[in-house]
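Results of the structural survey
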Amino acid sequence: MSNKRDLPSEIKWEDRDVQSNYHICPGYHGEVVVPDSHYLLDASQKRADRLMKNRKAVQEFRQRKKRYIETLESRAAKLQKENEALVEELEALKSKHGFKLNI
């Protein structure tokens, strides 16, 4: 639904490019004449804001993912060391009690 209509009489036809390039918008002190470019800028600004917000969200996601992977790698290294220590302990116990190691 468009709210385009004729300009108020105090605005001369010469003062504008094309009659259909203006919107009449309600304001605090009556109706306000707003060029269509205002709506285009608003839409492009919304798009730019959305893209910037998306870039920030993607950057934060990548940082969270990196921290998560680092945590998993650290945990894997710790578990690997623990596993090696347990295997050594098992070998020591088996050799002490005369069992063959089947690992």
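Here the residue numbering is sequential within each chain, running from 1 through the sequence in written order. Totals for whole chains, interfaces and linings use every residue, but because this is a predicted model, local features are given only for residues with pLDDT of at least 70 and side-chain atom pairs only at 80 or more, for both listing and counting. To get the side-chain values, all heavy atoms of the structure are used, and hydrogens and water are removed first.

**Regarding the overall build of the protein chain**
- When helices and strands are counted, the protein chain shows 1 helix and 2 strands.
- Secondary structure counts use DSSP, requiring at least four H or I residues in a row for a helix and at least two E residues in a row for a strand, with both numbered from the N terminus. What you see in the protein chain, going N to C, is helices and strands ordered as β-β-α.
- Here a residue-residue contact requires only that any non-hydrogen atoms of the pair lie within 4.5 Å. Nonlocal contacts in the protein chain, meaning residues at least 24 apart in sequence, comprise 8% of its contacts between residues at least 6 apart.
- Accessibility throughout is a Shrake-Rupley quantity obtained with a 1.4 Å probe, and a residue counts as covered only by protein chains that appear here. For the protein chain, the accessible surface area stands at approximately 9600 Å², while carbon and sulfur atoms represent 55% of it.

**As for a nonpolar patch on the surface**
- Together, Tyr68, Ile69 and Leu72 line one region of the surface with nonpolar side chains, adding up to about 290 Å² of accessible area.
- Within the secondary structure layout, Tyr68 lies in helix 1 (residues 36–97).
- Remark: exposure states derive from per-residue accessible area (1.4 Å probe, protein chains only) relative to the maximum for the residue type, with buried under 20%, exposed over 50%, and partly exposed in between. Given the relative accessible area of 55%, Tyr68 is considered exposed. Nonpolar side chains (Val, Leu, Ile, Met, Phe, Trp, Tyr) within 5 Å and like charges within 9 Å form the patches, drawn only from residues with over 30% relative accessible area and no salt bridge. What counts as a salt bridge is simple: a side-chain nitrogen of Lys or Arg found within 4 Å of a carboxyl oxygen of Asp or Glu.

**Regarding the confidence of the model for the protein chain**
- Per-residue pLDDT for the protein chain has a mean of 76; in total, 56% of the residues score no lower than 70.
- pLDDT expresses how confident the predictor is about each individual residue, on a scale running from 0 to 100. Of all helices and strands in the protein chain, the one with the weakest mean pLDDT is strand 1 (residues 22–27) (58), whereas helix 1 scores best (90).
- Predicted confidence is poor over residues 11–18, with pLDDT under 50, and the contacts of this stretch with residues over four places away or in other chains come to 7 contacts.

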